[in-house]
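In case you want the letters, here they are:
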Amino acid sequence: MYGKGLRALSLATFAALTATFALVFFYAPLDADQGFIQKIFYVHVPVAIVTLCAYVLGGIFAAVHLKTHDRRWDLRSYVVIHIALIFNVIGLLTGAIWAKASWGHWWVWDEPTLVSFLIVFLLFATYQPLRFSIEDPERQARYAAVFAVMAGAFVPLNFAAVRAATATVHPRTFGTANGGLPSQMAWVFVVAIVAMALLFALMCCYEIAAKQTRWQLRALRRRLLGSDAVAPLGRSAAPALGEPSRSAPHESGRGSYPAEAPS
Amino acid sequence: MRPSVALLRKDLLLERRAPEAVPAMLLFTVITFVLFHFGLGRDEVSGQLAAGVLTVTLLFAAILGINRLFVSEQEEGGFDGVLLAPIDRTALFVAKAAGLFLFLSLVEVVAVAAFAILLLAPSPWPALPGLLLTLALLNGALAVVGALVSALAIRTRARDLIVPIVALPLLTPALIAAARLAAPLFAAGGAQALPTKWLAVLALYDLVFGLLAYAVFDFLLED
């Protein structure tokens, strides 16, 4: 019952990633002055764009949680931010590699995208410690949502401020008069963004499904073996989905977990 | 508005009877200037360096105040009092942000004077009007973000650790803007005009985070 459509999504992601890498290596033209290393652009930029959009999305999910008090939105917000942090690290690393290859330094301060990316990373890296230091799961969800809303709004503002602060050497991908991409590159780039977005969505779906499955397994074990057989929960930064068995009536009999009742 | 004013007066009275945050922040800023003198190995600073020393010092001093902001509420049951009273919960946010703004302004009166005497190379007088505006906007940013982060951290296990790691990245854009605003004021050749771009960025930051914090503060007091 969990993870519906995961297989289709996995296949689509696999196909999109394969197509992206095939296009990057065999179709996209070599950059005139950076040569082969410019190909990292098709990983770095899509990852960065997906990361930033995901942070904003995490903030929106958190706002929905604050409005509805539905714990599933907290789970979604948590998972989106969690995966976005991983993408953020990948974006930072690929950015550093590209910077080393094309400008000769691992870290370049007059490079607004990289710098604002680092600041955003440092901010969101506090999301998990914040959650971890609050024990009550309901309050943890609420406080984390407040943080996620603020941090989600922070992303575009920070981006604008850092970009304004630096004399840019970063290529603007779209919209500028002479920095625009040739159409072949732009086309591959769009495919790469779609592939990365799919990969992100797939990882989120897997994590949500894994968490839900784990919680259901726990609830079932409690019902079958009694609550003494299941170890109490330790502190965790991950959202707790609540104990379904606690709300379910106990006289309904062992083994007949309400969610599994025949329809 | 009346509840906010009452809560603010309570905080000011508390600080006057048992001064705690303001003297600590003051001593912190002065000792930091001394440390910068030795750390940088300079007798005088100007331009971007001076702006950076002043704004970073004020930011770190503000962290001290942010750490203490809700301690009395937490320890003496002030949260329950606010929840029991028939008032809007955001009144507490407005009062705390205004209180932090006033504390910071008070600290800055002495801190800027000490900075001008100890470290600043050019004369501070021509820079004063621009500096007032810059510091007022910076205080606004520190006050709204500080009040929210303080309320967020006060009921966590590791509040002294959570406050700086959350507040510092959140305040980075405000620091960038304030440091860029102050740099031409402290220019070696005498104060220059404020760059309007950074004025706009800082004002926008104040506005956006002020409204956001006002909107979400409610949820931090919900139990």
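Here the structure is a predicted model, which means the values were calculated and not measured.

(A) Structural detail: the overall build of chain A. Looking only at helices and strands, chain A has eight helices and zero strands in total. Going residue by residue from the N terminus, the α and β elements of chain A occur as α-α-α-α-α-α-α-α. Counting the 263 residues in chain A, one finds 35% classified as buried. The long-range fraction of contacts in chain A, counting pairs at least 24 apart against all pairs at least 6 apart in sequence, stands at 78%.

(B) Region of the structure containing the interface of chain B and chain A. Chain B puts 25 residues into the contact, and the matching count from chain A is 24 residues. Contributions of two or more residues to the side of chain B that touches chain A are made by α7 (128–154), α8 (159–185) and α9 (196–216) of chain B. Among the residues making up the side of chain B that touches chain A, the classes are represented as 18 nonpolar, two polar and five charged.

(C) Here's a closer look at the environment of isoleucine 176 of chain B. With respect to the secondary-structure elements, isoleucine 176 of chain B resides in helix α8. Separated by 76 residues in the primary sequence, isoleucine 176 of chain B and leucine 100 of chain B place their C-alpha atoms 21 Å from one another.

(D) Spotlight on the packing of helix α3 (residues 47–68) of chain B against α7 of chain B. All names here are of chain B. Contact geometry of α3 with α7 gives a least axis separation of 10 Å together with a crossing angle of 30 degrees. Where α3 crosses over α7, the two elements pack in a sense that is right-handed. Residues Thr55, Leu58, Ala62 and Ile66 of α3 form the contact with α7, whose own contacting residues are Leu138, Leu142, Gly146, Val149 and Ser150. Class assignment of the residues belonging to the contact of α3 with α7 gives a composition of six nonpolar, three polar and no charged.

(E) Representation of the confidence of the model for chain B. Averaged over every residue, the pLDDT of chain B is 91; the share at 70 or more is 100%. Confidence estimates for the predicted assembly give a pTM of 0.85 and an ipTM of 0.87.

(F) Molecular detail of helix α2 (residues 41–68) of chain A. Residue and element names in this part refer to chain A. Compared with an ideal rise of 1.5 Å per residue, which puts 28 residues at 40 Å, α2 spans 40 Å between its outermost C-alpha atoms and is within 8% of the ideal. Buried residues dominate α2, accounting for 21 of its 28 residues. Just past α2, the residue histidine 69 takes up positive phi, approximately 60 degrees.

(G) Spotlight on the nonpolar core. Residues and elements named next belong to chain B. By size, the foremost hydrophobic cluster in this structure holds 145 residues, and its most contacted members are Ala141 and Val145. Here this core takes 16 residues from α8, the largest share from any one element. Apart from the residues lying within four places of it in its own chain, the contact partners of alanine 141 are Leu171, Ala174, Leu202, Tyr205, Asp206 and Phe209.

Cut-offs applied
- Residues numbered from 1 in each chain as written.
- Chains lettered and ligands numbered in written order.
- Predicted model: local features only at pLDDT ≥ 70, side-chain atom pairs only at ≥ 80, totals over all residues.
- Helix = DSSP H or I, 4+ residues; strand = E, 2+ residues; numbered from the N terminus.
- Buried ≥ 20, exposed ≤ 12 C-beta atoms within 10 Å, placed from the backbone.
- Contact = placed C-beta atoms within 7 Å.
- Nonpolar A, V, L, I, M, F, W, Y, C, P; charged D, E, K, R; others polar.
- Axes fitted to C-alpha atoms, helices over the stretch in contact; angles between N-to-C directions.
- Left-handed = near helix turned anticlockwise from the far one by under 90°.
- pLDDT = per-residue confidence, 0-100.
- Expected span 1.5 Å × (residues − 1).
- Core = buried A, V, L, I, M, F, W, Y, C linked by C-beta atoms within 7 Å.

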